[in-house]
Amino acid sequence: NILVENNADQRLPPASLTKLMTAYIATLEIRNGKIGEQDKVTISEHAWRTGGAASGGSTMFLPVNSQATVDELLHGVIIQSGNDASIAIAEHIAGSEDAFADMMNATAERLGMKNSHFMNATGLPHPDHYSSAHDMAILARAIINEDAEHYAIYSQKEFLWNNIKQPNRNLLLWRDGSVDGIKTGHTSEAGYCLMSSAQRGDQRLIAVVLGGSSEKQRADDSLALLNWGFRFFE
């Protein structure tokens, strides 16, 4: 049920919210036995160059040709929003990031995400890479409902890898104990994005804010939506 929406089906750049699809497919592949959480993944030149420390974007700081497990990469994608981790996991699953984008689009179609098209595993800007608030909420619901074990990663406040500790950028995890996810995103094109979810009693709500003007605004608006929904709906 949609309680409130504004331009929910408008096609917008989703920035790092894209990584929710990357992580969702990875957890599906784990559950289906196609990949293992302890599989070792070698970090390619493409993952390092496009998503590593020198790229200036969110990164897990994976050195080129180093190895990390699927489980470590999944934490790097979800908590640290690592572009390098996202590309590495995509290449491990599909052989190339382009082939993985095909999987992303097929998965979006299966879930009924009618205003989404993915070109990469990270959300780095591309004119043919877009989603909508409504579609992102559909994806969030699938992540939460299908795999509680992996959804628990989204509530972790920090992740330490290779002696580099990075905090989760979702400020609501500190501001409200009922919030247990989900993910932030930001590019200059997409603005400040936040997909959040909270559970109070038996009721769970999901809020999606795209195109916010600041980190504070995306957090304030998201919490206002959640509080309003819990107060006025059962």
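The model shown is predicted, which means the values in this text are computed figures rather than measured ones.

A.B. asks: Describe the overall build of the protein chain, listing the residues and the values that go with them.
C.D. replies: Helix and strand content of the protein chain: nine helices and seven strands. Over its C-alpha atoms the protein chain spans a radius of gyration of 16 Å, differing by no more than 12% from the 17 Å that the globule rule assigns to 234 residues. Projected onto the principal axes, the alpha-carbon positions of the protein chain cover approximately 50 × 35 × 35 Å. Counting over 234 residues, the protein chain shows a buried share of 53%. Across the protein chain, the fraction of contacts at a sequence separation of at least 24, relative to all contacts at a separation of at least 6, is 61%. In the structure as shown, the protein chain presents an accessible area of about 10,600 Å², 47% of it carried by carbon and sulfur atoms. Here the protein chain contributes 19 positive and 28 negative side-chain charges, whose respective centroids are spaced 5 Å apart.

A.B. asks: How would you explain the layout of surface pockets if you had to name every residue and give the values?
C.D. replies: One number sums up the size of the largest pocket: a volume of about 1,000 Å³. In this structure, the largest pocket is lined by 32 residues; those nearest its centre are Ile2, Val4, Ala137, Ile206 and Ala207. Among the elements that take part in the lining of the largest pocket, strand S7 (residues 203-212) stands out by supplying eight residues, more than any other. A volume near 290 Å³ is recorded for the second largest pocket.

A.B. asks: Can you tell me about the side chain of threonine 27, naming the residues and giving the values?
C.D. replies: Along the chain, threonine 27 falls in helix H1 (residues 18-31). Residue contacts for threonine 27: discarding those within four places in its chain leaves Leu74, Asp147 and His150.

A.B. asks: Give a detailed account of the pairing of strand S5 (residues 179-187), specifying residues and quantitative values.
C.D. replies: Of all nine residues that make up S5, eight are buried, and the element is covered over most of its length. With eight bridges connecting them, S5 and strand S6 (residues 191-200) associate as antiparallel partners. Bridge assignment links threonine 184 to a residue of S6, and that residue is leucine 194.

A.B. asks: Got a sec to walk through empty space enclosed by the protein? Specific residues and values, please.
C.D. replies: Here the structure, examined in full by the defined rule, presents two cavities of 30 Å³ or more. In this structure, the largest cavity spans a volume of roughly 40 Å³. Surrounding the largest cavity, Ala23, Tyr24, Thr27, Ile143, Asp147, His150, Tyr151 and Tyr154 form its lining. Listing elements by their share of the lining of the largest cavity, those giving two or more residues are H1 and helix H7 (148-151). Top element by residues in the lining of the largest cavity is H1. It accounts for three residues. Its residues placed into classes, the lining of the largest cavity shows five nonpolar, two polar and one charged. As a volume, the second largest cavity reaches approximately 30 Å³. Taken together, Pro13, Pro14, Ala15, Gly123, Leu124, Pro125, His126, His129, Thr187 and Glu189 make up the full set of residues lining the second largest cavity. Of the residues belonging to the lining of the second largest cavity, the class tally is five nonpolar, four polar and one charged.

A.B. asks: So what about the packing of aromatic side chains? Which residues, and what values?
C.D. replies: A complete count under the given rule lists three aromatic pairs for this structure. A ring pair is formed by tryptophan 228 and phenylalanine 232, whose centres lie 6.1 Å apart and whose planes are at 55°; its orientation type is tilted. Of this pair, tryptophan 228 and phenylalanine 232 both sit in helix H9 (residues 215-232), four residues apart, which is roughly one turn of the helix. Each member of the aromatic cluster is reached from another via a ring pair, and the members are Trp228, Phe232 and Phe233.

What counts and how
Residues numbered from 1 in each chain as written. Predicted model: local features only at pLDDT ≥ 70, side-chain atom pairs only at ≥ 80, totals over all residues. Heavy atoms only, no water. Helix = DSSP H or I, 4+ residues; strand = E, 2+ residues; numbered from the N terminus. Rg over C-alpha atoms; globule rule 2.2 N^0.38 Å. Buried < 20%, exposed > 50% of the residue type's maximum accessible area, 1.4 Å probe, protein only. Contact = heavy atoms within 4.5 Å. Areas by Shrake-Rupley, 256 points an atom, 1.4 Å probe, with all protein chains shown as cover. Lys, Arg positive; Asp, Glu negative; His and termini not counted. Charge placed at Lys NZ, Arg CZ, Asp CG, Glu CD. 1 Å grid on protein atoms, 1.4 Å probe; cavity = no way out; pocket = protein on both sides within 12 Å on 5 of 7 lines; lining within 4 Å. Points joined across faces, edges and corners; volume = space filled by probe spheres on them. Pairing = 2+ DSSP bridges. Nonpolar A, V, L, I, M, F, W, Y, C, P; charged D, E, K, R; others polar. Phe/Tyr/Trp six-rings, centres within 6.5 Å; stacked < 30°, edge-to-face > 60°.

Note that all results are geometric; they support no functional claim without further evidence.
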